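What follows is each chain in one-letter form.
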2 protein chains.
Amino acid sequence: MLDGTLKSLFLCPRSVVFVGIPRKSGPGALNPVDNLRNWGYEGDVAIVHPHVKEIAGMSVLSSLSELTAATDLAVVSTPRETVPGIIRECGLKSIRAVIVTNQGFAESDLRGKELQRDMITEAKNFGIRILGPNTLGVSNAFHLFNSSFMPLARQETPIGVVCQSGVFFVGAAQLLGGMGIGIDVGNACDVNIVDALEWLGTEERIRVVAVHAEQITDGSRFISVAEEIGRRIPIVALKTGRSLEGAKSAASHSGSLAADDRMIAAAFQKAGILRVLETQDQRDLVRAFTRLPEMRGPRVAIVTLTGAGGIILLDAMERHGLQPAVLSSAVTEGLRNLSPDWMPIANPMDIWPAVMKNGMQKAYGTALRDVLADPNVDGVICVALGLGHAEQQHLGAEQVIQELSAQFDKPVVVWLYGSQPEEAVYRLEGNGRALAVPSLERAVRVLAAMMRYAKWKNM
Amino acid sequence: MLDGTLKSLFLCPRSVVFVGIPRKSGPGALNPVDNLRNWGYEGDVAIVHPHVKEIAGMSVLSSLSELTAATDLAVVSTPRETVPGIIRECGLKSIRAVIVTNQGFAESDLRGKELQRDMITEAKNFGIRILGPNTLGVSNAFHLFNSSFMPLARQETPIGVVCQSGVFFVGAAQLLGGMGIGIDVGNACDVNIVDALEWLGTEERIRVVAVHAEQITDGSRFISVAEEIGRRIPIVALKTGRSLEGAKSAASHSGSLAADDRMIAAAFQKAGILRVLETQDQRDLVRAFTRLPEMRGPRVAIVTLTGAGGIILLDAMERHGLQPAVLSSAVTEGLRNLSPDWMPIANPMDIWPAVMKNGMQKAYGTALRDVLADPNVDGVICVALGLGHAEQQHLGAEQVIQELSAQFDKPVVVWLYGSQPEEAVYRLEGNGRALAVPSLERAVRVLAAMMRYAKWKNM
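A quick note: this is a predicted structure, and the numbers were derived from the prediction, not measured.

Our next topic: the interface of chain A and chain B. The extent of an interface is frequently quoted as the accessible surface area lost upon association of the parts. With 63 residues of chain A at the interface, the matching set in chain B holds 63 residues. Counting only elements with at least two residues in the side of chain A that touches chain B, the list comes to α4 (110–126), α5 (167–170), α6 (172–176), α9 (244–253), α11 (279–291), α12 (307–320), α16 (389–395) and α19 (440–457) of chain A. At nine residues, the largest contribution of residues to the side of chain A that touches chain B is made by α12(A). Grouping the constituent residues of the side of chain A that touches chain B by class yields 24 nonpolar, 29 polar and 10 charged.

Bringing the relation of the copies chain A and chain B into the picture now. Aligned on chain B, chain A shows an RMSD of 0.0 Å; the corresponding rotation is 180° and the shift along the axis is 0.0 Å. On this basis, the relationship between the two copies can be described by a two-fold rotation axis. By C-alpha distance to the rotation axis, the residue of chain A lying nearest is A:Pro438, at 5.3 Å. Comparing interface residues between copies, 100% of those in chain A also lie at the interface in chain B; the contact surface is shared.

All names here are of chain B. Across the sheet, which stays open at both edges, the five strands sit in the order β2-β1-β5-β6-β7 with parallel pairing between neighbours. Where the open sheet ends on each side, the last strands, each with one partner, are β2 (44–48) and β7 (129–131). Across the sheet, the mean angle separating the axes of adjacent strands is 20° when strand polarity is ignored. Strand direction decides the pairing type here: strand β6 (residues 97–100) and β7, joined by three bridges, are parallel. Bridging across to β7, Val98 finds its partner in Ile130. Lying over the sheet, helix α1 (residues 4–11) contacts β5 (73–76), β6 and β7, oriented at roughly 45° with respect to β6. Of the strands in this sheet, β1 (15–19), β2 and β5 touch helix α2 (residues 32–39), which is tilted by about 170° from β2.

Looking now at the domain arrangement of chain A. Residues and elements named next belong to chain A. For chain A, the domain assignment lists domain 1 (1–133), domain 2 (155–291) and domain 3 (293–457). Look at where the C-alpha atoms of domain 2 and domain 3 centre, and you get two points 31 Å apart. A per-element tally of the side of domain 2 that touches domain 3 places α11 first, with six residues. Among the residues forming the side of domain 2 that touches domain 3, the class breakdown is four nonpolar, one polar and five charged.

Residues and elements named next belong to chain B. Across five bridges, the pairing between β1 and β2 is parallel. Across the sheet, residue Phe18 finds its bridge partner in β2, namely Ile47. In this region the chain leaves β1, passes through α2 and returns to the parallel neighbour β2; the handedness of that crossover is right-handed.

Next up on the list: the sheet that holds strand β11 (residues 181–184) of chain B. Residues and elements named next belong to chain B. On the basis of which strands lie adjacent, the open sheet formed by seven strands has the order β9-β8-β11-β10-β12-β13-β14 and mixed pairing. Taken across any chain shown, the strands that pair with only one partner, and hence form the sheet edges, are β9 (145–146) and β14 (274–276). When strand β10 (residues 159–163) meets β11, the two strands line up parallel, connected through four bridges. Paired with Gly160 across the strands is Ile181, a residue of β11.

Residue and element names in this part refer to chain A. Among the structural elements, Ala69 can be located in the loop between β4 (58–59) and β5 (73–76). Taking the C-alpha atoms as reference, Ala69 lies 8.8 Å from Ser15; in sequence the two are 54 residues apart. With residues up to four places along the chain from it excluded, the contact list for Ala69 reads Ser15 and Asp44.

Right, let's get into the nonpolar core. If you look at the biggest cluster of nonpolar residues, it comprises 329 residues, and the most contacted ones within it are A:Val414 and B:Val414. Those residues in contact with A:Val414 that sit more than four places away from it in its chain are A:Cys382, A:Ala384, A:Ile401, A:Leu428, A:Ala434, A:Leu435 and A:Ala436.

This part covers the packing of helix α17 (residues 398–407) of chain B against helix α18 (residues 421–430) of chain B. How two helices pack is summed up by the angle between their axes together with the distance between the axes. Residue and element names in this part refer to chain B. Taken N-terminus to C-terminus, the directions of α17 and α18 make an angle of 20°; their axes are 9 Å apart at the nearest point. Accordingly, the angle class assigned to the pair α17 and α18 is roughly parallel. Between α17 and α18 the crossing geometry is right-handed. Contacts from Glu398, Ile401 and Gln402 of α17 reach α18 at Ala424, Arg427 and Leu428.

Before going further, it helps to examine the packing of helix α13 (residues 329–338) of chain A against helix α15 (residues 360–373) of chain A. All names here are of chain A. As a packed pair, α13 and α15 sit with axes 8 Å apart at the nearest point and diverge in direction by 170°. The angle between α13 and α15 falls in the class roughly antiparallel. Side by side, α13 and α15 meet where Val331, Gly334, Leu335 and Leu338 of the first sit next to Lys362, Ala363, Thr366, Ala367, Asp370 and Val371 of the second. Partitioned by chemical class, the residues of the contact of α13 with α15 number six nonpolar, two polar and two charged.

Our focus in this paragraph is helix α13 (residues 329–338) of chain B. Residue and element names in this part refer to chain B. For α13, the full list of buried residues reads Val331, Thr332, Gly334, Leu335 and Leu338. Taken end-on, α13 shows its buried residues confined to a sector of 145°, consistent with a single buried face. Projecting away from the buried face of α13 at angles above 90 degrees are the exposed residues Ser329, Ala330, Glu333 and Asn337. Looking at the buried side of α13, the elements it contacts are β17 (349–350), α14 (352–358) and α15 (360–373).

Definitions and limits used
- Just so you know, the residues in each chain are numbered from 1, in the order the chain's sequence is written.
- All chains are assigned letters beginning at A, and all ligands numbers beginning at 1, according to the order in which they are written.
- In view of the model being predicted, local features appear only for residues whose pLDDT reaches at least 70, and side-chain atom pairs are presented and counted only at 80 or more, with totals across whole chains, interfaces and linings using the full set of residues.
- Contact definition: two residues whose C-beta atoms, as placed from backbone geometry, lie within 7 Å.
- What counts as a helix is a DSSP run of H or I of at least four residues, what counts as a strand is a run of E of at least two, and both are numbered from the N terminus.
- Ten residue types, Ala, Val, Leu, Ile, Met, Phe, Trp, Tyr, Cys and Pro, are classed as nonpolar, four, Asp, Glu, Lys and Arg, as charged, and the remainder, Gly among them, as polar.
- A least-squares fit on C-alpha atoms brings the copies together, and the residues used are those whose pLDDT is at least 70 in both copies.
- Two strands pair if DSSP finds at least two bridges between them.
- Every angle, taken between N-to-C directions, lies between 0 and 180 degrees, and every axis is a line fitted to C-alpha atoms, over only the stretch in contact when it is a helix.
- For the domain bounds, the source is a domain assignment made automatically or taken from a database.
- Every crossover in which the path from the first strand over the helix to the second runs clockwise, viewed with the strands pointing away from the viewer, is termed right-handed.
- A set of buried residues qualifies as a nonpolar core if it consists of Ala, Val, Leu, Ile, Met, Phe, Trp, Tyr and Cys joined through C-beta atoms within 7 Å.
- Remark: C-beta atoms are placed from the backbone, and a residue is labelled buried if 20 or more other C-beta atoms sit within 10 Å of its own, exposed if 12 or fewer do, or partly exposed between those counts.
- By the definition adopted for this analysis, an angle is roughly parallel if under 35 degrees, roughly antiparallel if over 145, roughly perpendicular if from 65 to 115, and oblique otherwise.
- Whether a crossing is left-handed or right-handed is set by the direction in which the near helix is turned from the far one by less than a right angle, anticlockwise for left-handed and clockwise for right-handed.
- This arc is taken over the directions from the axis of the helix to the C-beta atoms.

Listed below in structure tokens is the structure:
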């Protein structure tokens, strides 16, 4: 049973108290109050520090006992020996949700393990739930709230994140293509990956969830929760600690012990969780699910300006279980009429000769419209140019790709090459449903994984 | 035997005649004369066109017979039926090097195959060598010369390119990280991949060669040439048409028939050619060889701000045959002195707690210097931050990484994460020997492949 109130306390707190933050504020201070201010958080903020009266221009309480207002969430970042006592103080103030950010607990040494146990004991006594320790906590761009001491970019994307490391918060752009709501469970001494997943599963604004897990406890609940959420929201998971060395290191990093990797693989498959082995694939897939319609089968049409690019795609498609669509003859007719007589028309559709004869817009538009309309095609990969402004006017295809991808209910993935592809990517993705990827092979991997998800979902 | 004169005619022509170029010039015209002008080519340029008197502000000859000056190179781009005749005219003018750019030959239909044969017959009669057809020709940033009708960026990088498609010219930035000298052999009706490789092998300014091959003919010469060049210049090859569908398509694209893929793999291995299966790996490796010293063994040290990142790296290292270095105790001592007591020091070296205590410069500098000095370490992977300017002042490590990587003869590969990594990448790579890569796993693949190359070279 999902505790909606608890979820709100962590993800949408109306009031927060920070216990133990840096005295300084500003760049390099790593003061979470700065971050809240930058994000424009509208709730109440209190600060507890035993030795100073003012931090970041705000008055400071010398201990939690001075707190007068009811408070939704405490963010604790004090020396480890003090933490169990502070949890107790939170309990006495009827705070039900606590984030413990510091390191030095089960992931470190014996004393750290002991302190983590003590912390949980205190929490249980008061009905407190703890997120952490060893975490940046939560980040909710929609609620203008984050508990992180590292500066984060705020972006209202439909991407939910459950992770065991702050690198997915700070590096959200590189690793996931953005983050709307994130929950870093850290050592997961109490709130764990399944809880966090359950919270995100009920968020209307989240359309895909990325999971980074070093350890999955509560396995059978994890499977049933994931399976249920997965019907509505695809889950893309990176389970690390797969190697022997990685597993040993995971045990020390988040205090976890990695389970048998093959068991994980089987469980993920049953639950419809898309497992990625590389961070890049997680990023591509997360971005794909925020943009693209369903990939209903393995049949891919390729529209390309380069024959070589088509061949590279075919090689990758074979590796990843996709097939070149056998195009209807009506489809190939359109391009044939635009191409020189000597040009063989097939899939991949190499449209360069047609571009030379008819210009980019007409050739690209004809080919792409025809393959999108073909019932033998499940998804399309486009290869197009990204040149300097003057040349792009004549040789760019982003507008026609954008328009056509919005008209058909099939995924369109694009690789752009040339001297200046960035601007074309921006235009292409700015408004519409096409996805740009940084390499040909990544286009193939995206469609292959989307197909596996649709297959599971429609089973 | 390398024909140095011939190589010069193609790569460093003192004079060039274009036969059949667009009447228009400027953006979208795809006029190669524009490109030459933009690059500042200093040789003589003549233009032949039967119907117009002036193109791009230059006077035009109505046929090759009007050419008076001795000319090194002809670039032919006329309707296919005319090409054998034009080759003959080139012969009558004692032109020894001809690039045929147009499509419509052996890659297209029976008539195209016939015309390609006729073209070769004419060329043989006159001792002409042909590059192409179906090619952008050559590009030599050092000589300010290219024969391409597509606009290209000029960049004096030590990267040589041999390819069978213009996508590697136009998309050099995406696919290879730049191109100093490129030779697109297209259908390779005469000058083939081995010839091109041989030419690049004697170029002092080239330190790595990227090969894109759809077909490798002249197999035994290829192996011996590659083996010899490879001692000085690493060769990174993408052989496409590996899949059944890809091979079929390769046959029509460049008119070639793909050989048994396993034979290719064995031959590449013997010749010390680094084979990549994905374009991204080719880019990373090409860039790596232009920057990094040799990777002498499998032992990698990791310096990281994130434990999770270290685990992801360990997982990838196991997949790619690298090992976590067992650090000397003297090495771990340095970081131990900077870290809290509870922090276990090992490899990966998670330096975040030391950063919190001592600041980024001191913690990163100590850890990185120590692992670079450790004889048990062959190469280093760094994980560092790329934040906004104000924060980066305090939390950036690019300067210390740059300085230390220049002091030691070991490869250092860096993954940067955060809200603004681009500027940090720029600073890091601007002056020094570290390489930045866009994902953790790509750092591992780079070092693994570099190790394989060093092993072959030092065998």
